[in-house]
Amino acid sequence: MMRKMANVILLLLATALCYGLQVSKPHYAELIGPIPAYGKLGDAVVGRGFEARAAKVAFSRNLKVDRYGQTKVFTTGGIWAVVTVEFAASAQSTTVAVASWRGPTGLAYDQTERLSFADGLLPVAIDPGLPKKARLIFEVRPDEVSNATLLISEKLMSALDSQAEISLGPVAAGADGLPAETVDTLDLTQPI
Amino acid sequence: MTARSLDWESGQGERKWRRRSLWALLLLVPLALAGQAYDSVKTLLGGEDLFPRQVAWGQSAHFGGSDWKLTDLRGAFGMSSLPPDSVPVLADFSVKVGDPDLQKLWLGCKVMLIDAEGRRWSPTSAVSLKAPGDVHTCVSAIFSGARRGDTLNLRETFLVPRQATKTIRPAVGLASERPHFLFFQLEKD
């Protein structure tokens, strides 16, 4: 009788252990997901193949760009967030192609595709010893601006490869709900 | 022979085989792991240029079915609108085609410059210098329709920091030859 009881208890314990393992195991996507390299605005964040330093963030209602020699102004229903980033390649030439803006509520915004012809946008090819600046441009909701995180990786499926996660810190909001430092028009025709 | 002694003997035999099996696991488990990982390791190594094959200056080396020779490596100084302290570098190769199936043998062709620290530069698109009509890049040569015995002139353009120009040497990798790659010595070496 005692032996039977002991067996039952052992079985229950094994079941509980297996269940615990099952619920606590990371999802497959997390196991092979990107490897984060953390930093904040102004830090040089070092990944496997590249280094990124977000120098400044600017907000504007409109963007002025050059399109085939003509000036064009892009408006938005939200706000434009323009991050100037300096990239450097570690040991070999590479291309940094993907960036997204993750707001405080977890909403993630990919780079805008509306300005694909403008200079200095990703993808940017970088060579060792030759740092290069680029602009990352996002069209976001004003309430996703403060305490956002910038995610940068070399390619879209950066499985088991570095992803720079740069926290951009709090941004003070003005009376209209937009960041206090929002400018009316940001001129992207100027060199970075 | 009694039943008891038979029992004892078979018990002994069983114990012996159990011990042998456990020892065999020491060999079989690593073998099974190696067998399982073989394809993955082969794919991993096949994607990287790991082991250099040195080619002396002026010599040609058989690689990917053709004979590769470095003919020139020079800097194009004095160009404007480039990052400060950067120099465009041109690497010229003369390749005598042996096996003309370049679309298979030259797949994944990668020409690079490697410096003394092991840093690697890939061809750049930031500099475009005019080249004579018969000069190909490694990738465009694949589709040139070259026949056996033809000689292809290849040129790749790189952008490297000025201080790295002292130690850079050209290298060529092809998917059909990886993980080996050609590493060319210069005249001054």
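Here the structure is a predicted model, which is why all the values come from computation and not from measurement.

Right, let's get into the overall build of chain B. Helix and strand counts for chain B come out as three helices and 10 strands. Taken over C-alpha atoms, the radius of gyration comes to 27 Å for chain B, far larger than the 16 Å a tight globule of 189 residues would show. With the C-alpha coordinates aligned to their principal axes, the bounding extent of chain B is approximately 100 × 40 × 30 Å. Burial analysis of chain B (189 residues in total) assigns 34% to the buried set. Taking the contacts inside chain B whose residues are at least 6 apart along the sequence as the reference set, 71% of them involve residues at least 24 apart. For chain B, the computed accessible surface area is about 11,700 Å², with 55% contributed by carbon and sulfur atoms. The centroid of the 24 positive side-chain charges in chain B is displaced by 5 Å from the centroid of its 20 negative side-chain charges.

Moving on, we come to the domain arrangement of chain B. You'll often see interface size given as the accessible area lost when the parts meet. Domain assignment breaks chain B into domain 1 (1–46) and domain 2 (51–184). Computed from C-alpha coordinates alone, the two centres of domain 1 of chain B and domain 2 of chain B are separated by 52 Å.

Okay, unusual backbone geometry next. All names here are of chain A. With an omega of 0°, the peptide bond between L122 and P123 qualifies as cis. Secondary-structure assignment places P123 in the loop between β8 (108–110) and β9 (124–126). The backbone of Y68 shows a phi angle near 50°, a positive value even though the residue is not glycine. Within the secondary structure, Y68 is located in the loop between β3 (50–67) and β4 (70–74). Residue Y68 is classed as exposed on the basis of its relative accessible area, which comes to 74%. The phi dihedral of L160 is positive, around 55°, even though this residue is not glycine. By the element assignment, L160 lies in the loop between β11 (148–153) and β12 (162–169). What makes L160 exposed here is its relative accessible area of 52%.

The subject of this paragraph is the interface of chain A and chain B. On the side of chain B, 11 residues touch chain A, which itself brings eight residues to the contact. Summing the contributions of chain A and of chain B, the shared interface buries around 730 Å²; its carbon and sulfur component is 53%. Counting across the chain A and chain B interface gives zero salt bridges. Counting the contacts that link chain A with chain B gives four residue pairs in polar contact (both at pLDDT 80 or more). Looking at the side of chain A that touches chain B, its residues break down into three nonpolar, four polar and one charged.

Cut-off values and rules
Residues numbered from 1 in each chain as written. Chains lettered and ligands numbered in written order. Predicted model: local features only at pLDDT ≥ 70, side-chain atom pairs only at ≥ 80, totals over all residues. Heavy atoms only, no water. Helix = DSSP H or I, 4+ residues; strand = E, 2+ residues; numbered from the N terminus. Rg over C-alpha atoms; globule rule 2.2 N^0.38 Å. Buried < 20%, exposed > 50% of the residue type's maximum accessible area, 1.4 Å probe, protein only. Contact = heavy atoms within 4.5 Å. Areas by Shrake-Rupley, 256 points an atom, 1.4 Å probe, with all protein chains shown as cover. Lys, Arg positive; Asp, Glu negative; His and termini not counted. Charge placed at Lys NZ, Arg CZ, Asp CG, Glu CD. Domains from an automatic or database assignment. Buried area = accessible area lost by both parts, 1.4 Å probe. Salt bridge = Lys/Arg side-chain N within 4 Å of Asp/Glu carboxyl O. Polar contact = N/O pair within 3.5 Å; in protein donor to acceptor, adjacent residues only side chain to side chain. Nonpolar A, V, L, I, M, F, W, Y, C, P; charged D, E, K, R; others polar.

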